[in-house]
Amino acid sequence: FMMVHAILLIVEVVGPSLAASLPKALRGEKAGERWQETTVEIKWATRAAMALVGLWWFMLLMTCLFFHTPAEKASGFAFAVVGWWLSGV
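Values in this document were obtained by computation on a predicted structure and should not be read as measured data.

### Overview of the overall build of the protein chain
Along the backbone of the protein chain there are 4 helices and 0 strands. For the protein chain, buried positions account for 21% of its 89 residues. Residue pairs in contact within the protein chain that sit at least 24 positions apart in sequence constitute 71% of those at least 6 positions apart. Accessible surface computed for the protein chain: about 6500 Å², of which carbon and sulfur atoms make up 74%.

The following block contains the structure:
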């Protein structure tokens, strides 16, 4: 529950600058312009947040593989998504 919820929240917060941080071939012109206008601190914060999300995905994968039953995985995911959705409402 907590890992999925945390991943959803941080991706939602970093989302606007995430599109601008993609390689030139994958982003639009406006995203590229926004990335050039952002400060160095925002660029590093975006990269750090995405590194954290990558670490959390790895932790989530290992936890799911070794410690939880399918029912626990499904209920944890469902509660995390519902909680994330309710926090955005």
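### A look at the packing of aromatic side chains
Inspection of the entire model under this criterion finds 0 aromatic pairs. The ring of Trp-44 has Arg-47 lying over it, and the distance from NZ or CZ to the ring centre is 5.3 Å.

### Some details on a nonpolar patch on the surface
A grouping of Leu-52, Leu-55, Phe-58 and Met-59 is seen on the molecular surface, where their side chains present a nonpolar patch of about 350 Å² in accessible area. Looking at where Phe-58 falls in the secondary structure, it is placed in helix 3 (residues 40–66).

### Considering the confidence of the model for the protein chain
Scored by pLDDT, the protein chain comes out at a mean of 78, with 76% of its residues at no less than 70. The weakest mean pLDDT in the protein chain belongs to helix 2 (residues 29–37) at 58; the strongest belongs to helix 4 (residues 70–88) at 87.

### Overview of the nonpolar core
Counting 9 residues, the largest nonpolar core is built from Val-4, Ile-7, Ile-10, Val-14, Ala-49, Val-53, Trp-56, Leu-60 and Ala-80. Of all elements in the fold, only helix 1 (2–20) and helix 3 reach the threshold of two or more residues within this core. Residues contacting Leu-60, with those up to four places away along its chain left out, are Met-3, Val-4 and Ile-7.

### What to know about the environment of Leu-9
Residue position: Leu-9 is located in helix 1. Residue Leu-9 is classed as partly exposed on the basis of its relative accessible area of 32%. Placed 72 residues apart in sequence, Leu-9 and Val-81 show a C-alpha to C-alpha distance of 10.0 Å. Excluding its chain neighbours within four sequence positions, the residues that come into contact with Leu-9 are Trp-84 and Ser-87.

The rules we used
- Residues numbered from 1 in each chain as written.
- Predicted model: local features only at pLDDT ≥ 70, side-chain atom pairs only at ≥ 80, totals over all residues.
- Heavy atoms only, no water.
- Helix = DSSP H or I, 4+ residues; strand = E, 2+ residues; numbered from the N terminus.
- Buried < 20%, exposed > 50% of the residue type's maximum accessible area, 1.4 Å probe, protein only.
- Contact = heavy atoms within 4.5 Å.
- Areas by Shrake-Rupley, 256 points an atom, 1.4 Å probe, with all protein chains shown as cover.
- Phe/Tyr/Trp six-rings, centres within 6.5 Å; stacked < 30°, edge-to-face > 60°.
- Lys NZ or Arg CZ within 6 Å of the ring centre and 35° of its normal.
- Patch = residues over 30% accessible without salt bridge, like charges linked within 9 Å, V, L, I, M, F, W, Y side chains within 5 Å.
- Salt bridge = Lys/Arg side-chain N within 4 Å of Asp/Glu carboxyl O.
- pLDDT = per-residue confidence, 0-100.
- Core = buried A, V, L, I, M, F, W, Y, C linked by side-chain atoms within 4.5 Å.

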